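The primary structure of each chain is shown beneath.
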Amino acid sequence: ATIVFLFVFCTTIVFFEVFLRTTEIMLPSYVYDNSELGRTHKPSALVSLVGAEGFYMGSINKFGYAGKSYDKEKSKNVFRIALIGDSYIEGFQIFARDNFGTYLEQKLNKTISKKIEVLNFGIGGVDLRGMYLRFEKLAKDYNPDMTLFFIKEEDLVKKDVLPTPDPFIINDSIGFN
């Protein structure tokens, strides 16, 4: 009886795992803790997200950032913009076509003769320290011509336990103790 129970129990677990993955009702986490970056996206991960900010089903590109994937090497005729921020920039709460990075890239490519590539390095829940790490350890490798950081006051509060300098706002600039 014990062997039959164990067999039925294991078969049930495997069935539900396969069912939840194929229907995409419940997927493995699309983020993980990286020792250099902190919380970051898993490359090529599927995302099924329901939360206070909205609902999203999609994926992370093969390079581990949200949105269209661009190789680290860029063409000479390309002007590359890196977006760094929290969930507002990550944009999982809206359709990909309405995401700020997608919208910005489309508008600029219609008005500027040089090809524009916008790379979205936003990730939900990140603070200023996490944004800086994403720039230094990830975005910088893609050789952006311009990097835009999207920071709100709440991003100046530490969201993790690692020791970091305390940021503060002075007029239109950020300082550190």
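Look a little higher up for the structure.
The structure contained in this document is the topic of the report that follows. (Residues numbered from 1 in each chain as written. Predicted model: local features only at pLDDT ≥ 70, side-chain atom pairs only at ≥ 80, totals over all residues. Heavy atoms only, no water.)

## What about the pairing of strand β2 (residues 38–41)?
For a regular strand, side-chain orientation follows a simple rule: the groups alternate between the two sheet faces. Rule in force here: Any two strands are treated as partners once DSSP identifies two or more bridges connecting them. Here a helix means four or more residues in a row that DSSP labels H or I, a strand means two or more in a row labelled E, and each is numbered from the N terminus.
Here strand β1 (residues 31–34) runs beside β2; their pairing, made up of four bridges, is antiparallel. Looking across to β2, one finds that N34 is bridged to G38. Hairpin connection, β1 to β2: the antiparallel pair is bridged by three residues.

## Looking at the nonpolar core
Heads up, the rule is: Among buried residues, the Ala, Val, Leu, Ile, Met, Phe, Trp, Tyr and Cys ones that are joined through side-chain atoms within 4.5 Å form a nonpolar core. Summary of the burial criterion: residues with accessible area below 20% of their type's maximum are buried, those above 50% are exposed, and those between are partly exposed, where the area comes from a 1.4 Å probe applied to protein chains only. We call two residues in contact whenever any of their non-hydrogen atoms come within 4.5 Å of each other.
Ranked by internal contacts, the top residues of the largest apolar core, which has 22 residues, are Y30, F92 and F121. Listing elements by their share of this core, those giving two or more residues are β5 (78–84) and α4 (128–137). The residues touching F92, leaving out its near neighbours within four places in the chain, are Y30, H41, V47, L49, F55, Y56, I60, A66 and S87. Among the nonpolar cores identified, the runner-up in size contains six residues, and L83, I89, L104 and I116 belong to it.

## Regarding unusual backbone geometry
With a phi close to 60°, S44 is a non-glycine residue in the positive phi region. Here S44 is to be found in the loop between β2 and β3 (46–51). A positive phi angle, close to 50°, is found at N143, a residue other than glycine. Looking at the secondary structure, you find N143 in the loop between α4 and β7 (146–149).

## A short note on helix α3 (residues 100–111)
For the record, the criterion: A helix is expected to reach a length of 1.5 Å times the quantity of its residues less one. Think of a polar contact as two N or O atoms within 3.5 Å of one another; within protein, one of them needs to be a possible hydrogen donor and the other a possible acceptor, and neighboring residues in sequence only count if both atoms come from side chains.
For α3, spanning 12 residues, the distance from its first C-alpha to its last is 17 Å, which sits close to the expected 16 Å at 1.5 Å a residue. Buried residues belonging to α3 abut β5 and β6 (115–120). Two or three places before G101, at the start of α3, stands the capping residue N99, its side-chain oxygen 2.8 Å from that residue's backbone nitrogen.

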